[in-house]
Amino acid sequence: MKIPVEGMSCASCVGRVERALQGLPGVEEVTVNLASETAEVRAGASLDSAALVAAVEKAGYRVPASSLELAVEGMSCASCVGRVERALRGVPGVLAANVNLATERASVTTAGDPDEVALLQAVAAAGYQARVHRSEGAGDAPAAARRATREARHLLVAVLLTLPLVLPMAGMLFGQHWMLPGWVQWALATPVQFWLGARFYRAGWHALKARTGNMDLLVALGTSAAYGLSLYHLLRPVPGGGEPPLYFEASAAIITLILLGKYLESRARRRTTDAIRALQALRPGTARLMRGGDEVEVPVAEVRVGDLVVVRPGERFPVDGRIIEGRTHADESLVTGESLPVPKSPGDAVTGGAVNGEGRVLVETTAVGAESALSRIVRLVEDAQAKKAPIQKVVDRVSAVFVPVVVAIALLTMLGWGLATGDWTTAILNAVSVLVIACPCALGLATPTAIMAGTGVAARAGILIKDAEALEVAHRIRLVAFDKTGTLTSGRPVLVEAVAVDGDRDGLLSLAAGLQAGSEHPLAQAVLDAATGIPREAVANVRAVAGRGVEGEAGGARVLLGSTAMMEEAGADRGPLADIAAALQADGHTVSWVARGQDGAVRVLGVLAFRDEPRPEARAAVERLHELGVRTVMISGDNEGAAGAVARAIGIDEVRANVMPAQKAEAVAALRSSGTVAMVGDGINDAPALAAADVGIAMGTGTDVAMHAAAVTLMRPDPSLVADAVDVSRRTTRKIHQNLFWAFGYNVLGIPLAAAGLLDPVIAGAAMAFSSVSVVANTLLLQRWRPLSARDLDRPPAAKVEEARDVP
């Protein structure tokens with residue numbers, strides 16, 4: 001096996017890597033090439049790729065990993081999932097492989113560039129068909145349409161051939177003898193069994209070759225037993241010339257019912273991806289470029305960053321960009337979940353896929369194709385849908401032994417009935433019922449379909465959930481910690497007071513503006529806005545003091561602007577303004593001091609007071625969390641007065657003030673002792689705290705930083721989406737539990753009834769077919785979910801509270 005190795009710089013590095021790899025069990029020879037940065041390993045037995053990577057990393061180097069997604073056809077149950085995963089993990093270089101039955105996708109992580117041919121051959125050897133799935137998925141729709149058409153055609157033929165076999169059974173209920181001659185029954189049942197049912201034989205044979213089992217094997221065994229028993233009776237002379245007992249209708253009806261169930265299941269599964277397809281459909285096919293003063297319509301694929309795009313009223317923005325000319329409103333509801341049109345003017349950013357309102361605008365392109373916000377959203381949702389929730393691991397372990405256990409029960413059923421009664425025909429039919437009632441398919445679909453539906457409706461509401469684990473963990477959230485600035489407040493503080501010791505307010509602002517010039521801090525911008533029209537004092541050597549403020553030199557003296565802690569560390573006497581500052585802080589203001597070094601001491605020149613107003617929707621957001629039984633905490637670097645004023649205004653339960661940025665992660669870790677904690681921040685400054693929480697929630701606008709900072713990203717800066725994220729997580733988790741209950745319930749109840757001879761094979765086949773349909777149909781109820789804010793518009797308060805409190 002050959003793997004790439006990064007970080008080697010000399011011959012000693014080569015020796016370290018070789019020694020690390022040679023120390024692994026079974027390794028016979030290692031050759032490391034510094035020039036090509038590769039390591040070739042030969043071993044007597046199969047090599048564990050993950051162990052090789054771990055050895056290289058332990059030696060201090062890195063094996064670059066790549067990912068690939070495959071579209072897999074032919075899987076029918078959770079057992080198929082396990083077989084495909086084992087086949088892919090057996091390919092040299094594969095570090096991880098996860099297969100999703102609902103999306104029919106396999107996500108493969110490899111050391112270095114993936115060997116696509118080897119991966120496809122491994123899937124084929126396991127008995128399935130695979131192709132490389134490209135990220136945009138443009139070719140999926142036609143293939144899915146052809147597959148759906150073929151399934152519908154096969155189902156129609158099966159129904160037409162099976163009805164003449166089943167209708168006589170109904171006639172017997174009314175005393176009518178419509179039974180067809182035996183050879184006619186055989187002629188109708190044979191194409192159903194071996195043409196339309198060939199898929200079960202093919203998949204079952206591949207499972208046997210892989211020394212495992214799946215749903216198809218159970219169906220093939222059960223229907224073949226019923227068909228073979230009927231053919232045996234048809235060929236065997238009946239004493240006295242009577243009609244032989246035939247069960248062709250049972251084998252044909254079972255296959256037809258399962259084909260019907262698969263068809264309905266496929267249609268329902270396609271509906272679980274409605275949200276992602278709706279996002280994909282937002283991409284316009286063409287754009288109108290401005291070239292040489294003329295408008296030229298070109299395919300979107302030809303647009304490049306920096307191009308100027310003309311967007312007329314009513315059209316969708318074809319690219320991400322910045323408005324250069326014109327004013328309008330943008331309907332971003334399908335991109336961010338924002339229900340109201342957002343005003344846009346020159347300098348404002350627009351997102352591809354949003355609808356331009358009433359104005360003609362000229363947009364400078366900032367991102368196209370795979371780098372656009374819409375494409376990143378689609379990829380994020382697709383990735384989340386492809387991953388497995390932790391509870392799925394339990395299901396996978398059960399599925400691994402499910403089919404062998406069912407076959408054993410069917411064999412015991414046949415032997416038990418046959419030896420006890422001597423009626424081997426009844427014994428075989430009861431064994432057939434056991435085989436066809438068992439349904440690992442429903443087990444395989446229970447979790448992934450719910451994850452797909454939950455992440456889809458969440459994305460439609462502007463909530464991007466990065467992975468299935470975050471979705472499952474979020475339902476246990478009992479405490480939400482909020483950052484204050486920019487999360488619960490607007491993030492745009494204004495300077496409301498400037499008190500100078502000598503009464504020279506303009507002079508105080510002049511020095512403060514000189515210190516803050518060039519800074520992007522919100523408080524700095526507030527100072528610069530307040531000092532508009534006032535000449536700035538020249539300040540040199542300005543530098544930021546982390547968590548304290550800024551300092552520089554003016555007129556040969558040291559000047560400072562910062563917090564009370566900064567003044568205390570500098571030894572500044574705040575006496576003249578201490579009472580005024582205390583009163584301002586008690587009133588909810590954030591206070592900064594301005595000081596100058598003079599005669600070997602630091603003298604306070606004045607105090608600045610800022611106020612950052614809470615977001616209009618913040619109070620309602622906190623109330624919704626309380627309705628869900630979730631406590632709220634605000635973590636802020638502001639003083640207790642400013643933080644407490646905001647907390648009281650919006651109803652926060654607990655405040656932790658004067659927390660430095662580096663200490664936020666510690667504060668979140670401490671909160672986790674009281675239960676599952678979510679941290680809500682802007683996804684940039686709060687990254688350590690977001691990582692320290694059980695669930696990190698970034699309030700962003702779809703930027704790369706916001707999307708990668710946390711497990712959940714809110715596509716618009718609206719704290720009410722936090723409650724919606726908790727709510728959709730709880731409802732999705734509830735659906736998973738319901739689905740697993742029904743999936744296990746079918747088998748726990750059905751298999752004993754079938755073994756006891758209380759289920760006819762046809763009824764057993766119908767129950768097996770519709771178990772999967774019922775699981776997916778139950779999942780589809782999630783598509784009726786709407787954000788709590790939307791439900792408030794048409795639901796009385798009492799009903800809303802009761803619904804919100806309905807948690808698992």
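Residues numbered from 1 in each chain as written. Predicted model: local features only at pLDDT ≥ 70, side-chain atom pairs only at ≥ 80, totals over all residues. Heavy atoms only, no water.

A. Broad picture of the packing of helix α7 (residues 198-209) against helix α8 (residues 215-235). Two elements in contact, α7 and α8, have axes separated by 7 Å at closest approach and are oriented at 115°. Considering the relative orientation of α7 and α8, their crossing is left-handed. Here Phe200, Tyr201, Ala203, Gly204 and Leu208 of α7 come into contact with α8, specifically with Met215, Asp216, Leu217, Val219, Ala220 and Ser224. When the residues that make up the contact of α7 with α8 are grouped by side-chain class, the tally is eight nonpolar, two polar and one charged. (Axes fitted to C-alpha atoms, helices over the stretch in contact; angles between N-to-C directions. Helix = DSSP H or I, 4+ residues; strand = E, 2+ residues; numbered from the N terminus. Left-handed = near helix turned anticlockwise from the far one by under 90°. Contact = heavy atoms within 4.5 Å. Nonpolar A, V, L, I, M, F, W, Y, C, P; charged D, E, K, R; others polar.)

B. Summary view of the UniProt feature "transmembrane region" (unreviewed entry) in the protein chain. UniProt marks residues 155-177, 183-201, 213-234, 246-264, 398-420, 426-446, 739-756 and 762-782 with the feature "transmembrane region" (unreviewed entry), using the numbering shown here. Within residues 246-264, the helical portion is 89% and the strand portion 0%, while the C-alpha atoms at the span's ends are 29 Å from each other. Secondary structure across residues 739-756 divides into 94% helix and 0% strand, with the first and last C-alpha atoms of the span separated by 26 Å. (UniProt positions renumbered as here; feature names shortened; annotations may be inferred.)

C. Representation of the sheet that holds strand β8 (residues 286-291) within the structure. Here we have six strands laid out as an open sheet, ordered β9-β8-β10-β16-β11-β14, and antiparallel in their pairing. Pairing within the sheet leaves two strands with one partner each, and these edge strands are β9 (294-299) and β14 (349-350). Bridging between strand β11 (residues 320-325) and β14 involves two bridges; their strand directions are antiparallel. Within β14, the position partnered with Arg322 by the bridge is Ala349. (Pairing = 2+ DSSP bridges.)

D. Region of the structure containing unusual backbone geometry. Look at Asn541: it is not a glycine, yet its phi comes out positive at around 55°. Inspection of the secondary structure assignment puts Asn541 in strand β20 (residues 540-545). For Asn658, which is not a glycine, the phi torsion comes out positive at approximately 55°. The topology assignment puts Asn658 in the loop between β26 (654-656) and α24 (664-671).

E. Inspection of the nonpolar core at higher detail. Residues Leu70, Met75, Leu88, Ile463 and Val480 are the most contacted members of the largest nonpolar core, which totals 119 residues. With 11 residues, helix α27 (residues 720-755) is the single largest residue contributor to this core. Not counting chain neighbours up to four residues away, the residues in contact with Leu88 comprise Leu70, Val94, Ala97, Val99, Ala106, Val108, Leu119 and Val123. Leu495, Ala498, Ile534 and Val559 belong to the second-largest nonpolar core, a separate cluster that totals 24 residues. (Core = buried A, V, L, I, M, F, W, Y, C linked by side-chain atoms within 4.5 Å. Buried < 20%, exposed > 50% of the residue type's maximum accessible area, 1.4 Å probe, protein only.)

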